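Observations on the model geometry
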Amino acid sequence: MFIHIKNYVANVFLALTCLLAAGPNNAYAHGEKALEPFIRMRTIQWYDVHLTQDKLKINEEVTITGKFHVAEDWPRSVPKPDMAYLNVAVPGPVFIRTERYLSGQPLMSSVALKLGGDYDFKIVLKARIPGRYHIHPFFNLHDAGAVMGPGQWVDVTGDPAAFTNSVKTISGETVDMESFGFANGVSWHVFWIVLGTAWLLWWVRRPLFIPRFKMLKSGHGDALITPLDKTIAKAILVAVPLFVFGAYAMTESQYPNAIPLQAALDQIEPLPPAVNAGKVNIKVIRTEYRVPVRAMNMVAQIHNYSDQPIRIGEFASANLRFINPSLGQSGKNEDDTLVAAKGLVIDDDSLIQPGETKTVSMAAADALWETEKLDGLFRDADSRMGGLLFLYDPSGRRYIASISTSVIPKFD
Amino acid sequence: MATTNLFDFPPQPYTGEKARLTRAFDYLILVLALFLFIGAFHLHMALTVGDWDFWLDWKDRQWWPLVTPLMAITFPAAVQSVMWTHFRLPLGATLCVSCLLIGMWITRIFAYHYWNYFPINVVLPATLMPSALVLDMILMLSNSLTVTSILGGMSFALLFYPSNWPIFAMFHTSVEYGNAQLTIADVFGFQYIRTGMPEYLRLIERGTLRTYGQYATPLSAFCSALLCTLMYPLWWHLGKWFATIRYVKTI
């Protein structure tokens, strides 16, 4: 019996150790499916997201580039994006972020986004800790949550001790960010902890609770504090504030140009319109989600204002991409599990001529609706869906429209 | 009778076996108190001061010196109430802050550094030891709740920022980064990725507590001092309320 218990305890410890060892290196998802579908579909609409490489050594850099459209049909229950932060989903600082740009401008802080705006972004990451990581760009939206962009696996190899990160101050001093201020901080902590511990030991060395309690209750409390105790207390009472303000004054003279933390909100205008740019106008007339076949059926009226004939090539929503296979524009990465390469079926796939208005039926069908937990849309308080429709002319030029529509579930 | 030698103890009622047993009881209580305060006070600070103490780029000159002493004077006041009223031990604040620092350093090293890869300099904790020592001294020398509330509470708050500035001033050196002026602490926040803590969550000089002639810290420190004079007696009485054998009698 005892051996069984010992084995059981040993197994539990082994399992816990394995669990802890697995730790952040093996994070396979970032909770992106947990956010309500209407937020993932109708807030930040990501597209053209790429990573420059997927295998790095410590100190090497990977650049994430991409574009996004801020949906016009922003959900009513989500605060407007007056405060947003372009972030990267990785398990902690296994990379450091060395550069970040929005619409070509450096982005150091949070930013206010404009509804209907088109932006591009660039984030440069430097590898710090070896491992295999799934990297997403994403937006933290104030009071709403994290809206993930497309993710990709990246392998980092090498010795983490070789990682370097230095920054130059305005006065020209180069500081090592991995250790800057550490020794100074620890020294001050040790100094004060030694002083505090000395004071504690001064009292702990003598009989404490029961004898002192008994003497106090019997009216001999004054004898518990000796004159020497009082002398030491007076000395500490004078010396500690003097020392603190002395050290403060010295620090002030050592860093006369110290500045407060910076907390301005960056102001960056959107790029010229790339989505809903006026060349194509799309009005979705009706959308049904057929639950048994996991298909979003849309009937849309498309007007071509451009001077070229166009065809529908792709529908994208919440990082899912449904490709019209007859157009061959998928650009599918074999690792990208969120692309339905034959997922977009169109009843009349003929060219829409310049000036023509055509009503077409499209079916974006794939099990991805279910596996990515977007099929729960009609069980939300806001059951409107949104996404980007990509159309192409014969020369390959792309026209993008952001669409939004109510969804009617069909259970047959 | 006054003691004349450094190692002379005050008179005590017990000798022999009784003295040995009461000493064993002392150590038992001390060890339990150590773990209790490491856990409870550290949790209290994590929940109330939280990110202001966790991260370099949260330690601003307005909210950090206001919130930290105000939330940190709580446990010291309650423990002082028990230790001083029943045992004449002037070490409640120092004991609490020592336990807090042990808890903080354990989490900074093991949770933040080894588990989550942050360099420890990014998550250096603040020290409250000078404030705690002065609070203990004022209680011991005054033997007065009123005096300790006013002078001790104020000292606790007013000493906080100057005692931490020697640790954190160097992180406020300015850097030109991304075409903007940032502090080194801000650069840490930008570079070392925190997915669940976007920049806009920082409460940096936000709200109606403004600067006066560009000076922010003295205003915050005195505001905190005033509030600490009120928080101290409140938690003193909480400590007094809990220091009872009422519950033991019913067991």
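Attention in this report is confined to the structure presented alongside it. (Residues numbered from 1 in each chain as written. Chains lettered and ligands numbered in written order. Predicted model: local features only at pLDDT ≥ 70, side-chain atom pairs only at ≥ 80, totals over all residues. Heavy atoms only, no water.)

1. Points about the environment of V293 of chain A
With respect to the helices and strands, the residue V293 of chain A is situated in the loop between β13 (280–290) and β14 (295–304). In this structure the C-alpha to C-alpha distance between V293 of chain A and D366 of chain A, which are 73 residues apart in sequence, comes to 7.8 Å. (Helix = DSSP H or I, 4+ residues; strand = E, 2+ residues; numbered from the N terminus.)

2. Details of the nonpolar core
Ranked by size, the top nonpolar core spans 178 residues in total, and within it F95 and W369 of chain A carry the most contacts. In terms of residues, this core owes the most to one element, helix α5 (residues 92–115) of chain B, which gives ten residues. In contact with F95 of chain A, other than residues within four places in its own chain, are V62, V90, L125, K126, A127, R128, Y133, I135, V154 and V156 of chain A together with Q191 and I193 of chain B. Within the second largest apolar cluster, eight residues are counted, among which are Y47, A316, L327 and Y392 of chain A. (Core = buried A, V, L, I, M, F, W, Y, C linked by side-chain atoms within 4.5 Å. Buried < 20%, exposed > 50% of the residue type's maximum accessible area, 1.4 Å probe, protein only. Contact = heavy atoms within 4.5 Å.)

3. What to know about a nonpolar patch on the surface
Residue and element names in this part refer to chain B. Together, V31, L34, F35, I102, I106, F110 and Y114 make up a nonpolar patch on the protein surface, roughly 720 Å² of accessible area in all. Secondary structure elements with two or more residues in the nonpolar patch: α1 (16–48) and α5. For L34, a relative accessible area of 32% corresponds to the partly exposed category. (Patch = residues over 30% accessible without salt bridge, like charges linked within 9 Å, V, L, I, M, F, W, Y side chains within 5 Å. Areas by Shrake-Rupley, 256 points an atom, 1.4 Å probe, with all protein chains shown as cover. Salt bridge = Lys/Arg side-chain N within 4 Å of Asp/Glu carboxyl O.)

4. Observations regarding the sheet that holds strand β7 (residues 118–127) of chain A
Residue and element names in this part refer to chain A. Sheet architecture is open: five strands sit in the order β1-β3-β7-β5-β6, paired in antiparallel fashion. Lying at the two open borders of the sheet, with one neighbouring strand each, are β1 (44–51) and β6 (105–106). In terms of strand pairing, strand β5 (residues 95–102) meets β6 through two bridges, oriented antiparallel. Opposite Y101, over in β6, you have P106 as the bridge partner. (Pairing = 2+ DSSP bridges.)

5. Comments concerning unusual backbone geometry
All names here are of chain A. The phi angle at N276 is positive, at roughly 50°, despite the residue not being glycine. Relative to the helices and strands, N276 resides in the loop between α5 (227–254) and β13. Backbone geometry at A318 places phi at a positive 50°, although glycine is not the residue there. Here A318 lies in the loop between β15 (311–317) and β16 (320–323). We classify A318 as buried; its relative accessible area is 18%.

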